[in-house]
Amino acid sequence: MNAALCAVCRPRTGLCGIEAILKAGGSSLGQVVRATAYLTNMDDFAAVNAVYARYFPSAFPARSCVEVSRLPLGALVEIDVIARVAA
């Protein structure tokens, strides 16, 4: 798999997983208030940002993006979020 394809597939897979976890916990991507993306190559930012925009189409939550030297299990992208959950 080429690097450009990985820069699109991996954040999509990660955001699908995040979406499923939020749904199971009684929340949704629409309730995300903060997101952090960790990239092993900042050159992938535009591709990751394009995928991110598909999952948060109306208003991006507060977010940051940082380049890191390595991620666990050889991942190229990691995304974490903080979301509201109904009481």
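Thresholds, definitions, all that
- Residues numbered from 1 in each chain as written.
- Predicted model: local features only at pLDDT ≥ 70, side-chain atom pairs only at ≥ 80, totals over all residues.
- Heavy atoms only, no water.
- Core = buried A, V, L, I, M, F, W, Y, C linked by side-chain atoms within 4.5 Å.
- Buried < 20%, exposed > 50% of the residue type's maximum accessible area, 1.4 Å probe, protein only.
- Helix = DSSP H or I, 4+ residues; strand = E, 2+ residues; numbered from the N terminus.
- Contact = heavy atoms within 4.5 Å.
- Pairing = 2+ DSSP bridges.
- Axes fitted to C-alpha atoms, helices over the stretch in contact; angles between N-to-C directions.
- Phe/Tyr/Trp six-rings, centres within 6.5 Å; stacked < 30°, edge-to-face > 60°.

**Things to note about the nonpolar core**
In terms of nonpolar packing, the biggest core is built from 15 residues, with Leu15, Ile18, Leu29, Tyr55, Phe56 and Ile79 touching the most fellow members. Counting residues per element, the ones that place at least two in this core are helix 1 (3-24), strand 1 (32-39), helix 2 (45-55) and strand 3 (77-83). Beyond its immediate stretch of four places on either side in the chain, Phe56 contacts Leu15, Leu29, Val32 and Pro61.

**Description of the side chain of Thr36**
When you line up the elements, Thr36 lands in strand 1. With relative accessibility at 10%, the residue Thr36 sits in the buried group. In this structure Thr36 touches Ser64, Glu78, Ile79 and Asp80, once residues within four positions along its chain are discounted.

**Thoughts on the sheet that holds strand 1**
Here we have three strands laid out as an open sheet, ordered 2-1-3, and mixed in their pairing. In this open sheet, the two strands that pair with only one neighbour each are strand 2 (62-67) and strand 3. Shown here is a sheet whose adjacent strand axes are inclined to one another by a mean of 10 degrees, direction ignored. As judged from the six bridges shared by strand 1 and strand 2, these two strands associate in the parallel manner. Across the sheet, the residue bridging to Tyr38 is Val66, located in strand 2.

**A few points about the packing of aromatic side chains**
Enumeration over the complete set of coordinates arrives at two aromatic pairs. When the centroid spacing of 4.7 Å and the interplanar angle of 40 degrees are considered together, the rings of Tyr52 and Phe56 count as tilted. Phe56 shares its class with Tyr52; the two are buried. Centroid distance Tyr52 to Phe60: 5.1 Å. Interplanar angle 75 degrees. Geometry classified as edge-to-face. Judged by relative accessible area, which is 6%, Tyr52 ranks as buried.

So yeah, pure geometry; function would need other evidence.
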